[in-house]
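# Close look at the chain arrangement
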Amino acid sequence: MIRQARRAREVSADLARRLSEGELTLAVEEFGLADAQMALDALRGGRVRGRAVLLCPADGAPPRP
């Protein structure tokens, strides 16, 4: 575990630089908060490529139906 943490620290600056310069991209699939169950189903079913992200309204208000 210690070796993994050490290696993560060693490569994190380079990864951040490459991401900011557009050399690397991350796959992200966005879901509205009202679609949280759909996101979980997609994750469990292996239908999400990369990361699933739940989007919440900026004002904190509950999502509209």
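Residues numbered from 1 in each chain as written. Predicted model: local features only at pLDDT ≥ 70, side-chain atom pairs only at ≥ 80, totals over all residues. Heavy atoms only, no water.

### Examining the overall build of the protein chain
Counting its secondary structure elements, the protein chain contains two helices and two strands. For the protein chain, the α and β elements follow one another from N to C terminus as α-β-α-β. Burial analysis of the protein chain (65 residues in total) assigns 6% to the buried set. Sequence separation of at least 24 residues holds for 17% of the intrachain contacts in the protein chain that already meet a minimum separation of 6. (Helix = DSSP H or I, 4+ residues; strand = E, 2+ residues; numbered from the N terminus. Buried < 20%, exposed > 50% of the residue type's maximum accessible area, 1.4 Å probe, protein only. Contact = heavy atoms within 4.5 Å.)

### Details of a nonpolar patch on the surface
On the surface, Leu19, Leu26, Val28, Val53 and Leu55 cluster together into a nonpolar patch covering about 420 Å² of accessible area. When you line up the elements, Val53 lands in strand β2 (residues 51-55). You can call Val53 partly exposed: its relative accessible area is 32%. (Patch = residues over 30% accessible without salt bridge, like charges linked within 9 Å, V, L, I, M, F, W, Y side chains within 5 Å. Areas by Shrake-Rupley, 256 points an atom, 1.4 Å probe, with all protein chains shown as cover. Salt bridge = Lys/Arg side-chain N within 4 Å of Asp/Glu carboxyl O.)

### Some remarks on the confidence of the model for the protein chain
For the protein chain, per-residue confidence averages 88 on the pLDDT scale, and 88% of positions sit at 70 or higher. No element of the protein chain has a lower mean pLDDT than helix α1 (residues 2-20), which averages 87, and none a higher one than helix α2 (residues 36-44), which averages 97. (pLDDT = per-residue confidence, 0-100.)

### So, the pairing of strand β1 (residues 28-32)
Looking down a regular strand, the side chains alternate between one sheet face and the other. For β1 and β2, the ladder comprises five bridges, and the chain directions are parallel. Paired with Gly32 across the strands is Leu55, a residue of β2. The parallel pair β1 and β2 is bridged by α2, and the resulting crossover is right-handed. (Pairing = 2+ DSSP bridges. Right-handed = clockwise from strand over helix to strand, strands pointing away.)

### Describing the pattern of salt bridges
Any two side chains of opposite charge can pair, so long as their charged atoms come close to each other. The full count for this structure, using the stated rule, is six salt bridges. The partner of Asp14 in a salt bridge is Arg17, and the shortest N-O contact between them spans 2.7 Å. In this pair, Asp14 and Arg17 are both assigned in helix α1, three residues apart and thus about one turn of the helix distant. Classification of Asp14 as partly exposed rests on a relative accessible area of 34%. Among the residues examined, Arg17 registers a relative accessible area of 36% and is labelled partly exposed. The partner of Arg18 in a salt bridge is Asp14, with the nearest N and O atoms 3.8 Å apart. One end of the pair is Arg18 and the other is Asp14, both in helix α1 and four residues apart, which spans about a single turn. Exposure remark for Arg18: the relative accessible area of 24% places this residue in the partly exposed category. Three or more residues joined by partner-sharing salt bridges are found here, namely Asp14, Arg17, Arg18, Glu21 and Glu23.

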